[in-house]
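Each chain, written out:
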Amino acid sequence: MNLGKVYSEVGPLLIKGMGVAVQVTVIALAIALVLGMVAALMGLSKTPLRFITKAYVWLIRGTPMLVQVMYIYFAIPQLLQFMGYNVRLTAFDAALISLTLNAGAYMSEIFRGAINAVEKGQMEAARSLGLSQGQAMRKVILPQALRICLPSLVNQFIITLKDSSIISVIGFGEVIYQARIYVGRTMESFATYTWVALFYLVVITALTQISKVVERKVRI
Amino acid sequence: MTAQIVVKNLHKYFGKLEVLKGIDIEINKGEVICVIGPSGSGKSTFLRCLNRLEEPTDGEIVVDGETITAPGTDINKIRRHIGMVFQQFNLFPHLSAKQNIMMAPLELKIKNKKEAEEKALELLDRVGLSEKADVMPRQLSGGQQQRVAIARALAMEPDIMLFDEPTSALDPEMVGEVLAVMKELASMGMTMVVVTHEMGFARDAADRVIFMDEGIIMEEAVPEEMFTNPKNPRTSEFLNKVLTT
């Protein structure tokens, strides 16, 4: 129960774990932003491509993150092996893939909502000047949509960072994984998980503050 | 000489609702046409068909000799020559007044940055807003926003300007400044089609007034005749209502 003593032992492990969690989250979010935008534009198009987006979002939203992680780490490699391919994913790969796919689906919904929230007259005004659909999207709609969805995006960033803790189940060495090993050895549940919670609070508070500054900067 | 805009048997359905029931009209170069009529008469839909913001269900529209309703028409190219001004202004809120005007010529690579900026400043001067070049739309009054919107449309150097109730969303004291810009434009020989409730403007600036109701052109006449001696009973009924209030 001695917070100070526990910190001196577990602190470095948690810092290392948080570093790994932040690292995989940042990479996943960067890819998910692109994936989410592509999926959103496909979903809004009147082509059959929109069904791909619908299926993707349906699949991710309809299954728990935990199942998605298990599926990517254990199930798909087994399937591939059965088909004659020998694919071995590291825990990091699986973490990256599942976080990316998961965040991408939610971001595509965020982008779709934001694009739809831009007034209809904006597209009409741009088109009436002779801009194509794509030009109007790029120069007029997206700059406004991105401002609209910034708070939701930040929210998704936070959720993804927290979701990265789920990946401890496949032995990915992030914060919870480090904490569980330490608790298993020392039985210091209270102190250890108090430090884990504080770690997340500090990182997420910092992230929220940064986002507030960004929001203020891009306000129209 | 053939007319600049020829509309033949234009029909438009929204689902099962027939909003335009066969519009035929020819508009000559430099003509100012005011379209009046009760709300729901189809006048805005008619206007929006002229640059195909609404897709006509049936009929033909020819602009400068080109059938814009033909399949395979590059409507984006045609829209460059047809400016449009909206009731709600629709300025791009993330761009300053000047950037609003520069955006299309730059994006469509019609002008380089320097030319586009010169043109934008010239147009802002023309609509009396030189000092507002770097101001964002939300800091402008409704009348100022609409004047910037007119300048934005003019930046593409159109041959035709469409106005969709350009003063209907304005506070009364700002209507005059917008109409003044439109009158100046009319006097310079711009072909204009104006859907409006401003009967004063129609009387002063229009070459021809069109009265629409229930999806058809009920009557068309020069302003004096339309306002003093309407032929159609529906026209006089409508004019009585709008002119007495």
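Data block above holds the structure.
## Some words on the nonpolar core
- Counting residues in each nonpolar core, the largest one holds 59 residues, and the members touching the most others are B:V7, B:I23, B:F46 and B:L50.
- When residues of this core are assigned to their parent elements, the largest contribution, eight residues, is made by helix α6 (residues 133–163) of chain A.
- Dropping the residues within four chain positions of it, B:L50 is found in contact with B:I5, B:V7, B:I61, B:I68, B:I82, B:L162 and B:V193.
- Ranked by size, the runner-up nonpolar core spans 50 residues in total, among them B:M161, B:M174, B:F227 and B:L239.

## Concerning the environment of B:R203
- Mapped onto the elements, B:R203 comes out in helix α7 (residues 199–205).
- In this structure the C-alpha to C-alpha distance between B:R203 and B:E122, which are 81 residues apart in sequence, comes to 29 Å.

## Brief notes about the sheet that holds strand β3 (residues 32–36) of chain B
Residues and elements named next belong to chain B.
- The sheet built from six strands is open, its strands ordered β6-β7-β8-β3-β9-β10 with mixed pairing. Only two strands of the sheet have a single neighbouring strand rather than two, namely β6 (82–85) and β10 (216–221). Taking the axes of each pair of neighbouring strands and ignoring which way they run, one obtains an average angle of 20° across the sheet.
- Pairing geometry for β3 and strand β9 (residues 208–213), over four bridges, is parallel. Its bridge partner being in β9, I36 is matched across the sheet by F211.
- Running at roughly 170° to β6, helix α5 (residues 142–154) makes contact with β6 and β7 (160–164) of the sheet.

## Examining the pattern of salt bridges
- Under the definition given, this model contains 25 salt bridges over all chains.
- Among the ionic pairs, B:R48 bridges to A:E124, the shortest N-O distance being 2.6 Å. Here B:R48 is found in helix α1 (residues 43–49), whereas its partner A:E124 is found in helix α5 (residues 120–128) on a different chain. Residues B:R48 and A:E124 agree in their burial class; the two are buried.
- B:R208 is the salt-bridge partner of B:E31, the closest N and O atoms lying 2.8 Å from each other. With a gap of 177 residues between them, B:E31 in the loop between β2 (17–27) and β3 and B:R208 in strand β9 connect regions that are remote in the sequence.
- You can call B:E31 buried: its relative accessible area is 12%.
- Look at the salt bridges and you will find they share partners, linking A:K120, A:E124, B:R48 and B:E54 into a network.

Rules of the game
- Residues numbered from 1 in each chain as written.
- Chains lettered and ligands numbered in written order.
- Predicted model: local features only at pLDDT ≥ 70, side-chain atom pairs only at ≥ 80, totals over all residues.
- Heavy atoms only, no water.
- Core = buried A, V, L, I, M, F, W, Y, C linked by side-chain atoms within 4.5 Å.
- Buried < 20%, exposed > 50% of the residue type's maximum accessible area, 1.4 Å probe, protein only.
- Helix = DSSP H or I, 4+ residues; strand = E, 2+ residues; numbered from the N terminus.
- Contact = heavy atoms within 4.5 Å.
- Pairing = 2+ DSSP bridges.
- Axes fitted to C-alpha atoms, helices over the stretch in contact; angles between N-to-C directions.
- Salt bridge = Lys/Arg side-chain N within 4 Å of Asp/Glu carboxyl O.

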